[in-house]
Amino acid sequence: GDAAEPASSCRELAGTLLTSLEGLQSRVESQQAASAEESRRSEAALRDESDLRAAAEAALAQSESLLASSREELCECQAEAARQVGALGDALEASQDELARREAALSQAADEASAAVKAKEEALAAAAA
């Protein structure tokens, strides 16, 4: 009887140890699973961040390209406006010159008409005398 008792308590102890080990193993496995899940989440977050950064860089590049083409367009518009202002200035100058010529011609015609009237009046006065 006495020899059976240590063997039985040995078996009990072994059983308890085995149960503890199984519990420990299952805790380790669930921690590993949680750690793997956390690692997957981190990788996904990093991928998302990387995608966002790439999208932001693409948007920035597009904005810079739009800005550059807008700047070119603005320069072209300014050059065209300068050309048009120049053309308008030339046209204005030409029409002012034309106006001055016409005024001079009208003034000359008025002087000639006035001289003709005066001559006619003098001729009439001479004839009446």
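Scroll up to find the structure this text is about.
Residues numbered from 1 in each chain as written. Predicted model: local features only at pLDDT ≥ 70, side-chain atom pairs only at ≥ 80, totals over all residues. Heavy atoms only, no water.

Participant: Please set out the overall build of the protein chain residue by residue, giving values where relevant.
Facilitator: Tallying secondary structure elements over the protein chain gives one helix and zero strands in all. Its C-alpha radius of gyration of 54 Å places the protein chain more than 25% over the 14 Å reference for a compact globule of 129 residues. Referenced to the eigenvectors of the C-alpha coordinate spread, the extents of the protein chain come out at roughly 185 × 20 × 5 Å. Buried residues in the protein chain amount to 0% of all 129 residues. Counting every atom, the protein chain has about 11,000 Å² of accessible surface; 59% of that belongs to carbon and sulfur. Across the protein chain, the centroid of the 12 positively charged side chains sits 2 Å from that of the 26 negatively charged ones. (Helix = DSSP H or I, 4+ residues; strand = E, 2+ residues; numbered from the N terminus. Rg over C-alpha atoms; globule rule 2.2 N^0.38 Å. Buried < 20%, exposed > 50% of the residue type's maximum accessible area, 1.4 Å probe, protein only. Areas by Shrake-Rupley, 256 points an atom, 1.4 Å probe, with all protein chains shown as cover. Lys, Arg positive; Asp, Glu negative; His and termini not counted. Charge placed at Lys NZ, Arg CZ, Asp CG, Glu CD.)

Participant: Explain the pattern of salt bridges to me, using residue names and the numbers behind them.
Facilitator: One pass over the full model with this rule turns up seven salt bridges. The residue Arg41 makes a salt bridge to Glu38 at a minimum N-O spacing of 3.3 Å. Residue Arg41 and its partner Glu38 are both found in helix α1 (residues 4-128); the two are separated by three residues, about one turn of the helix. Among the residues examined, Arg41 registers a relative accessible area of 47% and is labelled partly exposed. You can call Glu38 partly exposed: its relative accessible area is 41%. Three or more residues are tied together by salt bridges with common partners; here these are Glu37, Glu38, Arg40 and Arg41. (Salt bridge = Lys/Arg side-chain N within 4 Å of Asp/Glu carboxyl O.)

Participant: How would you summarise the state of the cysteines if you had to cite specific residues and measurements?
Facilitator: Enumeration according to the criterion identifies zero disulfides in this entry. With no disulfide of its own, Cys77 lies 9.3 Å from the sulfur of Cys75, the closest cysteine sulfur. (Disulfide = S-S within 2.5 Å.)

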